[in-house]
Amino acid sequence: MNDHGSMGRTARLSADEAGLAEAAAILQRGGLVAFPTETVYGLGADATQAEAVAGIYAAKERPSFNPLISHLESFEAAKVQGTFDDTARKLAEAFWPGPLTLVVPVAPTCTISDLARAGLDSVGLRVPAHPLAHALLKATGRPVAAPSANRSGRVSPTDADHVLSDLDGRIDAVVEGGASDVGVESTIVACLGGAPRLLRPGGVPREAIEALIGQTLESGLEGGEKNPLAPGMLASHYAPRAQVRLNATAIEAGEAILLFGPERMQGSEQAKAALNLSKNGDLKEAAAHLFSYLRQLDASGAQTIAVAPIPETGLGDAINDRLRRAAAER
């Protein structure tokens, strides 16, 4: 697949044991598979492989790296990835499997990639109710990041033909499972200490959640647009402690460097730390490394991270979007 997501023709896989086994094998090797859930069709990638997750952004032409919902086969599997307080546990036990996403703190055992979490210390988790989604997740044996299977900004798909009208030739396969039952995305609730917060209305009514937990959900995003927590919201970002200086062609002593491509930067021998997003200039590889490399350079203790120019094409648009947010005054 190239940086814009183009590949050979997308395979249609049947909703039987052989089709699901093939879909799971594609996911395990880092490919992209659309599959039905009870809400809409999701575009799945192995959430533990950052390069696979980068493929989602390329295929969808997503303009920025929003946090993605990771889908799991069971609550037990979800507890490996996130930390559930009493409220989150009560909601999971009542509404999973089902169209509810819970945003919870990352667990120490979390294997979901920084890119799927958009660099956040929280993670969005869901256990879908659709039998085909459950069977695929069980066969894959890993968390599967899966936003809606459409190009960014277009209508969410509720059958395989919708998926192919947007993504044919841009993803490896789609599992044909008929029409989705709910047809709207999952409800998203954040349980991050304090009152639980409704981040997005969806398939589970607000009233049902409030009746279960015996309290009113807070509305909207805590922290405003600079600290969103979930898909369907404004873009979030990992903001390092260090200042970020973009389009740098030379560095000063004590700065850390985030490089891209084979060229060295003037003064690089003075750098406190240096990492290269992709020595070959591969934007998909660069996207996969972005958040983890920012964290590593930030941990070096440098006061400034100098970032080499990155092309504003393909995934470069999303990479530069995140870097501009990281560099913004705060």
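Notes on the structure in this doc start here. Quick caveat, the model's predicted, so the values are computed rather than measured.

## Re the side chain of Asn-276
No. 1: By secondary structure assignment, the location of Asn-276 is in strand S14 (residues 273–276).
No. 2: Judged by relative accessible area, which is 16%, Asn-276 ranks as buried.
No. 3: At a separation of 3.0 Å, a polar atom in the side chain of Asn-276 contacts the main-chain amide nitrogen of Ser-278.
No. 4: Of note is the side chain of Asn-276, whose polar atom sits 3.4 Å from the backbone nitrogen of Lys-279.
No. 5: If near-sequence neighbours (up to four positions away) are discounted, Asn-276 is found in contact with Leu-259, Phe-260, Gly-261, His-289 and Tyr-293.

## Here we look at the sheet that holds strand S8 (residues 173–175)
No. 1: Spatially, S1-S8-S2-S3-S7-S4-S6-S5-S9-S10-S11 is the arrangement adopted by the 11 strands of the open sheet, whose pairing is mixed. Unpaired on one side and paired on the other, strand S1 (11–13) and strand S11 (218–219) mark the two borders of the sheet.
No. 2: Examined bridge by bridge, strand S2 (residues 33–36) and S8 share two bridges and lie parallel to one another. Bridge pairing in S8 links Val-33 to Ala-173.

## Notes on the environment of Ser-64
No. 1: With respect to the helices, strands and loops of the structure, Ser-64 is situated in the loop between helix H2 (50–60) and strand S4 (69–71).
No. 2: The exposure class of Ser-64 is buried, given its relative accessible area of 7%.

About the thresholds
Residues numbered from 1 in each chain as written. Predicted model: local features only at pLDDT ≥ 70, side-chain atom pairs only at ≥ 80, totals over all residues. Heavy atoms only, no water. Helix = DSSP H or I, 4+ residues; strand = E, 2+ residues; numbered from the N terminus. Buried < 20%, exposed > 50% of the residue type's maximum accessible area, 1.4 Å probe, protein only. Polar contact = N/O pair within 3.5 Å; in protein donor to acceptor, adjacent residues only side chain to side chain. Contact = heavy atoms within 4.5 Å. Pairing = 2+ DSSP bridges.

Interpretation note: all reported values are geometric properties and have no functional meaning in isolation.
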